[in-house]
Amino acid sequence: MVLLDGKSLAKEKREEVKKKVEDLKEREKIVPGLAIIRVGNDPASEIYVRNKLKACEEVKIHAIEKHFDESISEQELIDCIEYFNKEETIDGILVQSPLPKNFDEQKIISHILGSKDVDGFGIDNLGHLLANQEQVLAATPLGIIHLLEKYEIPIASKNVVVIGRSKIVGRPLAIMFLNRDATVTIAHSKTKNLKEITLQADILVSAVGRPNFITQDMVKEGAVCIDVGINRINNQVVGDMDFNAIKEKASFITPVPGGVGPMTIATLLENVYQLALKRKKEK
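These numbers were taken from a predicted model, which means no experiment stands behind them.

**Topic: the overall build of the chain**
On a plain count of helices and strands, the chain comes out with 10 helices and 11 strands. Taken over the C-alpha trace, the chain has a radius of gyration of 19 Å; the compact-globule value for 283 residues is 19 Å, and the two agree within 12%. Taking all 283 residues of the chain together, 47% fall into the buried category. Partitioning the intrachain contacts of the chain with sequence separation of at least 6 by distance along the chain shows that 72% fall at a separation of at least 24. Here the chain carries 39 positive and 41 negative side-chain charges, and the mean point of each set is 1 Å from the other.

See the structure below:
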C-alpha cells in the first residue's frame, strides 16, 4: 500500500504557483487577483475562506474577501459579482458555498463571467467540461487528477466508481475521468447493491460525507482508494473510508487529513494564476 500524499504534492504546487506569480509580476506587471464573496456566518465557511486568503498571501496572489450579512438581497449580491466582473485587477471570483437557504445558488453563480469562474461551477465551464473541451475545472476534482498523475496511476480503460453526485466533486470528477477514457459509474444515495458496484472499481472515490461509510469488504484487492470525505468524530477528522482496514487491501489510498484536502486549495491557486495568464494574453 502506498499513501497518496496530497500534503506534500500541494506544497510543491504552491511553490510552483508562487514562482509563476512572481515571474508574471516581473515580466508583465500583472498580479493575479481573487475575490471571495461570503454570505452569513457559517463557521466552516469562515475557516475555509481564511485558509484560502492565507494561501493566496503565501503565493503572492492579491485576494480580497467581501463578507455580507444574511440580510443582503440577491440583487445586492449579484451587483457585487458584476462589480468584480468589471474589475481589471480581479481574475477569479468565487462565491463561498453554502449560501444561506434563501438564495438561489446556481442563479447567483451564473452571474460570474465564465472567464472569471475560478471554481468552474458555472454553466459555461461545466458545458466545456461535458464537451471534453476543458477550461476552468473545479479545484477538488482537478486536485484528485493531479494526485493520480503524480503517482503515475493510469486512468484510461480503468473501472472508476465515484460515490457522490454533487456539482462540486462527484459530477465534474466523473466527467473528467470519462474524458480521460475511464469507464465510469456514479453511485449515490439511491443506488441499490452498492457493494456489488464498488467491488468492480479499479479506482474508488467516495465523496458522501459519512464517516467510515466504505468498509473493507466493499473494496477490491489492489484498488486505488480516494477519500474526499471530511467528517469530525470526537474532535478527530476522519474520511468516508475505514482507513485502517482498507489500507490492507488498497494499492494506493489517500489519508484523511493530508490527502485530497490540501490539493483543493493548491489547485484553486493554480486556477487563479491560469486566469491571470489568460487575461495577459487577451490584452
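**Points about the sheet that holds strand 5 (residues 159-163)**
Reading across from one edge, 1-11-8-7-5-6 is the order of the six strands in this open sheet, with parallel pairing throughout. On the outer flanks of this sheet lie strand 1 (2-3) and strand 6 (183-187), each paired with one strand and no other. As paired strands, strand 5 and strand 7 (residues 203-206) are joined by four bridges and run parallel to one another. Residue pairing in the sheet places V161 in a bridge with L204 of strand 7.

Reading the values: rules and limits
- Each chain has its residues counted from 1, running along the sequence as written.
- Thresholds applied to this predicted model are a pLDDT of at least 70 for local features of residues and 80 or more for the giving and counting of side-chain atom pairs; totals over whole chains, interfaces and linings are not thresholded and use all residues.
- For the side-chain quantities, the full set of heavy atoms in the structure was used; hydrogens and water were omitted.
- The way it works is that DSSP assigns letters per residue, a run of H or I at least four long becomes a helix, a run of E at least two long becomes a strand, and they are numbered from the N terminus.
- We compute the radius of gyration from the C-alpha atoms alone; for a globule the expected value is 2.2 Å times N to the 0.38, where N is the number of residues.
- Exposure is judged per residue with a 1.4 Å probe applied to protein chains only, and the accessible area is read against the type maximum: over 50% gives exposed, under 20% gives buried, and values in between give partly exposed.
- We call two residues in contact when some of their heavy atoms are within 4.5 Å.
- We score Asp and Glu as negative and Lys and Arg as positive, and we do not count His or the chain ends.
- Charged groups are reduced to one reference atom each: NZ for lysine, CZ for arginine, CG for aspartic acid, CD for glutamic acid.
- Strands were regarded as paired on the criterion that DSSP finds at least two bridges between them.

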